[in-house]
Amino acid sequence: MPLLLSPLTARCLHRSPHLPAPVAHRPSRPRPLGGEARGGGRGRVAVVSERQAAAVEKSPGGEGSDGERYDAIVVGSGIGGLVAATQLAAKGARVLVLEKYIIPGGSSGYYRRDGFTFDVGSSVMFGFSDKGNLNLITQALEAVGCKMEVIPDPSTVHFHLPGALSVLVHREYNDFIEELVSKFPHEKEGILKFYGTCWKIFNSLNSLELKSLEEPLYLFGQFFKKPLECLTLAYYLPQNAGDIARKFIKDQQLLSFIDAECFIVSTVNALKTPMINASMVLCDRHFGGINYPVGGVGGIAVSLANGLVEKGSAIRYKANVTNVILENGKAVGVRLSNGKELFARTVISNATRWDTFGKLVKAEELPEEEKNFQKNYVKAPSFLSIHLGVKASVLPAGTDCHHFVLEDDWSNLEKPYGSIFLSIPTVLDPSLAPEGHHILHIFTTAGIEDWEGLPRKDYEQKKELVANEIIRRLENKLFPGLQDSIVLKEVGSPKTHRRFLARNDGTYGPMPRGKPKGLLAMPFNTTSIDGLYCVGDSCFPGQGVIAVAFSGVMCAHRVAADIDLEQRSPILDTGLLGVLRWLRTLA
Ligand SMILES: NC(=O)c1ccc[n+]([C@@H]2O[C@H](COP(=O)([O-])OP(=O)(O)OC[C@H]3O[C@@H](n4cnc5c(N)ncnc54)[C@H](O)[C@@H]3O)[C@@H](O)[C@H]2O)c1
Ligand SMILES: CC(C)=CCC/C(C)=C/C=C/C(C)=C/C=C/C(C)=C/C=C/C=C(C)/C=C/C=C(C)/C=C/C=C(\C)CCC=C(C)C
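Keep in mind that this is a model prediction, so the values were computed, not measured. (Residues numbered from 1 in each chain as written. Chains lettered and ligands numbered in written order. Predicted model: local features only at pLDDT ≥ 70, side-chain atom pairs only at ≥ 80, totals over all residues. Heavy atoms only, no water.)

A.B. asks: Help me out: how do you make sense of helix 7 (residues 227–236) in this one?
C.D. replies: In an α-helix there are 3.6 residues to a turn, and that puts residues three or four apart on one side. The set of residues buried in helix 7 consists of Cys-230, Thr-232, Leu-233 and Tyr-236. Around the axis of helix 7, the buried residues are gathered within 155 degrees of arc, so they sit on the same side. Projecting away from the buried face of helix 7 at angles above 90 degrees are the exposed residues Leu-228 and Leu-231. Along its buried surface, helix 7 packs onto helix 5 (188–207), helix 6 (216–225), helix 8 (241–248) and helix 10 (275–289). (Buried < 20%, exposed > 50% of the residue type's maximum accessible area, 1.4 Å probe, protein only. Helix = DSSP H or I, 4+ residues; strand = E, 2+ residues; numbered from the N terminus. Arc of directions from axis to C-beta. Contact = heavy atoms within 4.5 Å.)

See the structure below:
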């Protein structure tokens, strides 16, 4: 069985017909997320050859055999890490990405099994259109000369909710509003005002050039060019969607619907979801639309990794970083599990903040900034993930691609296993499955504590039991005959996510401990350790592929300024970073 992601539809412009050297060894790690192997091995996954790898390794405290020092080492090749790396490479920096696993992508990776290509994480892609300033995935690929073919999804998600409330979120905004108003005619004005406020914020975001909010020359420049838009964003920055919704809407069921709208992207209700983030997703789905990359979500990371290598930087797989090396309090490099040390002017961690400051940095005491982060945010639960291959005949004609199911009781929304997410990417791209078959990717929130300490046999039995119950619920609600149509089933638990995504407790990302002040407490990319930056979903603006792509763009800009590839003002830097740090303590 070929292991490469195929057909890989990413097109890197100006690409030479020869791809980077194939990896010298076959992947040897066990099955990821229940699958056989998540790709790797051969072909178009950008890898460095052994010779290139040797050239980038450096002896402790010394320089590499090529005599050069990296501008940045990026720990982890999730979309956050890859975007930071590729943006820096596009600005002329020499970057080395170190990935623990055998292919790039982290939660946005893929694996193949018996002719099915599964997305490891979400298949709902925001920011992938050819319009506006917020198409950050498209822009990230463009920065390294890549473009992917995408398939427009006619809807974002089909909600199946308590009280037989069924709402399809159409791609066309007016169709969606018409559908929602038809369910809540008495709330027409409130609906228009709530979603209208989202548009006001989205349009402000979309009018800005997006770079680091921690870089004063850029930030003040944006305030000067777009004062109204910046003030709008500053006004909504500390606010949450649920509070704004309550200003306009009274109907409890409609407010619960807005909770579900927020929950699917933040794993918390609307009262805990920052208004800026809610506006971003509730509008981009209509502005640029949801677009699925042909060949699967994994192609995004593969393309970025290829683009990175083509820009003269490098990525190494099976490179498990165990420590960030500090010299006089400054991050100067990393140590791998095999004892090798690699050095750079800056280190960017795409591991979660809990992993970065709990494992990679061996500080005696957690820095104040991180204490503040952990005061405000806890680890969101992980997921139970079921990847199914099913006979196509089980799906009625016209089945939508994405579904969210909460059967009888709104109070189950945020409970473990309470609600069910379902994506059927083969509705859009049939090439992901053998002919006559579909993929069902089903997931539901689950905590690691439920899955730890079980003997192997009990653990496997429990996976089977819990997965079958979720499948039974979907069979009752949506697809009669589902159980009998299954030809392939792979179940991943929170432990699977922890193991293969190297995420602390398999967490989906940070979740506010209480009611947050919008995005105010969310840290940006700099850390209290000089030369060490964080990127990914435990940085502003949080979870989501487009969100971590923005975090990557911001991080690359701040790092580029710090290594003199972009303009900077040290005096203004000190002032702004101090003010932002103080603002976070107010949250
Ligand atoms: N099942 C899901 O749907 C799911 C689960 C989790 C997260 N997500 C989403 O995925 C995105 C997260 O993206 P991201 O960029 O923050 O990160 P990520 O978790 O996708 O990627 C981080 C990468 O860093 C690697 N890594 C971690 N520690 C390492 C170490 N010590 N040495 C070397 N490599 C290491 C991991 O193997 C992984 O590839 C978010 O959008 C989040 O919302 C989805
Ligand atoms: C600095 C200061 C302080 C101030 C100033 C003011 C200003 C200027 C400001 C500005 C700001 C900004 C720019 C901001 C930005 C932001 C952004 C971009 C954001 C974004 C966000 C995004 C997000 C959150 C996203 C998310 C998503 C997600 C998570 C998704 C997911 C999905 C899934 C899970 C799927 C589902 C499925 C089914 C249903 C099946």
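Having seen the model, we can carry on.
A.B. asks: How should I be thinking about the sheet that holds strand 8 (residues 155–161) in this particular structure?
C.D. replies: Within a sheet, neighbouring strands are paired by backbone hydrogen bonds and run either parallel or antiparallel to one another. With mixed pairing, seven strands are arranged side by side in an open sheet as 9-8-17-18-19-16-20. The sheet terminates laterally at strand 9 (165–170) and strand 20 (486–492), the two strands that pair on one side only. Across this sheet, the average inter-strand angle for adjacent strands is 15 degrees, counted without regard to direction. Two strands pair when backbone bridges link them, and strand 18 (residues 420–423) and strand 19 (residues 437–446) are joined in this way by three bridges, in the antiparallel orientation. The partner of Leu-422 across the bridge, within strand 19, is Ile-442. Contacts between helix 9 (residues 252–266) and the sheet are confined to strand 8, strand 9, strand 17 (402–405), strand 18 and strand 19, with strand 8 contributing the most and set at about 130 degrees to the helix. (Pairing = 2+ DSSP bridges. Axes fitted to C-alpha atoms, helices over the stretch in contact; angles between N-to-C directions.)

A.B. asks: Would you mind going over the site of ligand 2 with me for this structure?
C.D. replies: For ligand 2, the set of nearby residues contains 33 residues, the closest of which are Leu-205, Val-265, Leu-422, Gln-543 and Gly-544. With the chains in place, 96% of the 1100 Å² that ligand 2 exposes on its own is no longer accessible. Taken together, the elements giving at least two residues each to the shell around ligand 2 come down to helix 6, helix 7, helix 9, helix 10, strand 17, strand 18 and helix 17 (545–562). With four residues, the single largest contributor to the shell around ligand 2 is helix 10. Taken together, the residues of the shell around ligand 2 sort by class into 26 nonpolar, seven polar and no charged. (Near = heavy atom within 4 Å. Areas by Shrake-Rupley, 256 points an atom, 1.4 Å probe, with all protein chains shown as cover. Nonpolar A, V, L, I, M, F, W, Y, C, P; charged D, E, K, R; others polar.)

A.B. asks: Explain the domain arrangement of the protein chain here, please?
C.D. replies: Interfaces are often sized by the amount of accessible area the parts lose when they come together. What the domain assignment lists for the protein chain is domain 1 (11–148 + 294–377 + 513–586), domain 2 (154–289) and domain 3 (382–446 + 452–492). The interface is formed by 40 residues belonging to domain 1 together with 38 residues belonging to domain 2. Across the interface of domain 1 and domain 2, roughly 3200 Å² is buried in total on both sides, 65% from carbon and sulfur atoms. Contact with domain 2 buries area across many residues of domain 1, yet Phe-126, Leu-134 and His-557 alone supply 20% of it, more than any other trio. The interface formed by domain 1 and domain 2 includes two salt bridges. Across the contact surface, domain 1 and domain 2 share 16 residue pairs in polar contact (both at pLDDT 80 or more). Breaking the side of domain 1 that touches domain 2 down by element, the ones donating at least two residues are helix 17 and helix 18 (570–586). Here the side of domain 1 that touches domain 2 gets seven residues from one element, more than from any other, and that element is helix 17. (Domains from an automatic or database assignment. Buried area = accessible area lost by both parts, 1.4 Å probe. Salt bridge = Lys/Arg side-chain N within 4 Å of Asp/Glu carboxyl O. Polar contact = N/O pair within 3.5 Å; in protein donor to acceptor, adjacent residues only side chain to side chain.)

A.B. asks: I tried to follow the site of ligand 1 on my own but got confused; where do I start?
C.D. replies: Near ligand 1 there are 32 residues, and of these Glu-99, Ser-107, Val-321, Arg-503 and Gly-544 occur at the shortest range. Between ligand 1 and Glu-99 there is a distance of 2.6 Å, counted from an oxygen atom to a side-chain nitrogen or oxygen. Its free accessible area being 860 Å², ligand 1 has 96% of it covered by the protein chains. For the shell around ligand 1, the elements supplying multiple residues, two or more each, are helix 2 (79–90), helix 16 (494–501) and helix 17. The residue inventory of the shell around ligand 1, partitioned by class, reads 13 nonpolar, 15 polar and four charged.

A.B. asks: Would you explain the UniProt feature "domain: Amine oxidase" (unreviewed entry) in the protein chain in this entry?
C.D. replies: In the numbering used here, UniProt assigns the feature "domain: Amine oxidase" (unreviewed entry) to residues 79–559. The distance separating the terminal C-alpha atoms of residues 79–559 is 17 Å; by composition the span is 39% helix and 21% strand. (UniProt positions renumbered as here; feature names shortened; annotations may be inferred.)

A.B. asks: What is the right way to read the environment of Lys-375 from this model?
C.D. replies: By the element assignment, Lys-375 lies in helix 13 (residues 368–376). Take Lys-375: its relative accessible area is 47%, and that puts it in the partly exposed class. In sequence terms Lys-375 and Thr-585 are 210 residues apart; their C-alpha atoms lie 10 Å from each other. When neighbours within four sequence positions are excluded, Lys-375 is seen to be in contact with Arg-513 and Ala-587.

A.B. asks: Would you mind going over the environment of Leu-583 with me for this structure?
C.D. replies: Looking at the element boundaries, Leu-583 is found in helix 18. With a relative accessible area of 28%, Leu-583 lands in the partly exposed category. Between the C-alpha atom of Leu-583 and that of Arg-94, which follows or precedes it by 489 residues, the distance is 34 Å.

A.B. asks: Before we go on, may I ask you to explain a nonpolar patch on the surface in this structure?
C.D. replies: A contiguous nonpolar surface patch, about 240 Å² in accessible area, is contributed by Leu-217, Phe-220 and Leu-572. Position of Leu-217 among the secondary structure elements: in helix 6. (Patch = residues over 30% accessible without salt bridge, like charges linked within 9 Å, V, L, I, M, F, W, Y side chains within 5 Å.)

A.B. asks: Would you take a moment to explain the nonpolar core for this structure?
C.D. replies: One broad trend across soluble globular proteins is that nonpolar side chains are buried collectively. Judged by nonpolar contacts, the single largest core of 124 residues is most densely connected at Phe-194, Tyr-195, Phe-257 and Phe-404. Among the elements that make up this core, the one with the highest residue count is helix 17 (eleven residues). Leaving out residues up to four positions away in the same chain, Phe-404 has contacts with Val-157, His-158, Phe-159, His-160, Leu-161, Ala-260, Phe-263, Ile-264, Leu-413, Ser-419, Ile-420 and Phe-421. Leu-395, Ala-467, Ile-470 and Ile-471 belong to the second-largest nonpolar core, a separate cluster that totals 26 residues. (Core = buried A, V, L, I, M, F, W, Y, C linked by side-chain atoms within 4.5 Å.)

A.B. asks: Hey, could you run me through the pattern of salt bridges in this one?
C.D. replies: Pairing is possible between side chains that carry opposite charge, provided their charged atoms lie close to one another. Counted by the stated rule, this structure contains 23 salt bridges. Taking the shortest distance from any N to any O, the salt bridge between Glu-369 and Arg-584 comes out at 3.1 Å. One end of the pair, Glu-369, is in helix 13; the other, Arg-584, is in helix 18, with 215 residues separating them in the sequence. The burial state of Glu-369 is the same as that of Arg-584; both residues are buried. Here Glu-407 makes a salt bridge to Arg-473, at a shortest N to O gap of 2.8 Å. Of the two residues, Glu-407 is situated in the loop between strand 17 and strand 18 and Arg-473 in helix 14 (residues 456–477); the sequence distance between them amounts to 66 residues. The burial state of Glu-407 is the same as that of Arg-473; both residues are buried. Taken together, the shared-partner salt bridges in this structure form one network comprising Arg-558, Asp-562, Arg-568 and Asp-573.

A.B. asks: Would you mind showing me how to read the packing of aromatic side chains here?
C.D. replies: Here a ring pair, both rings aromatic, is described through the centre-centre distance and the interplanar angle of the planes. Enumeration according to the criterion identifies 23 aromatic pairs in this entry. Relative to Phe-202, the ring of Trp-199 lies with its centre 5.5 Å away and its plane at 85 degrees, an arrangement referred to as edge-to-face. Of this pair, Trp-199 and Phe-202 both sit in helix 5, three residues apart, which is roughly one turn of the helix. Accessibility assignment for this pair places Trp-199 and Phe-202 in one class, buried. Pairing Trp-354 with Phe-373 gives two aromatic rings, centres 5.3 Å apart and planes at 50 degrees, and the pair type is tilted. Separated by 19 residues along the polypeptide, Trp-354 in helix 12 (residues 353–360) and Phe-373 in helix 13 bring together distant segments of the chain. For the pair Trp-354 and Phe-373, one class covers both residues: buried. In this structure an aromatic cluster arises from ring pairing among Phe-159, Phe-257, Phe-263, Phe-383, Phe-404, Phe-421, Phe-443 and Tyr-508. Between the NZ or CZ atom of Arg-285 and the centre of the ring of Phe-176, over which it lies, the distance is 4.9 Å. Directly above the aromatic system of Tyr-459 lies the positively charged group of Lys-495, at a separation of 4.9 Å from the ring centroid. (Phe/Tyr/Trp six-rings, centres within 6.5 Å; stacked < 30°, edge-to-face > 60°. Lys NZ or Arg CZ within 6 Å of the ring centre and 35° of its normal.)

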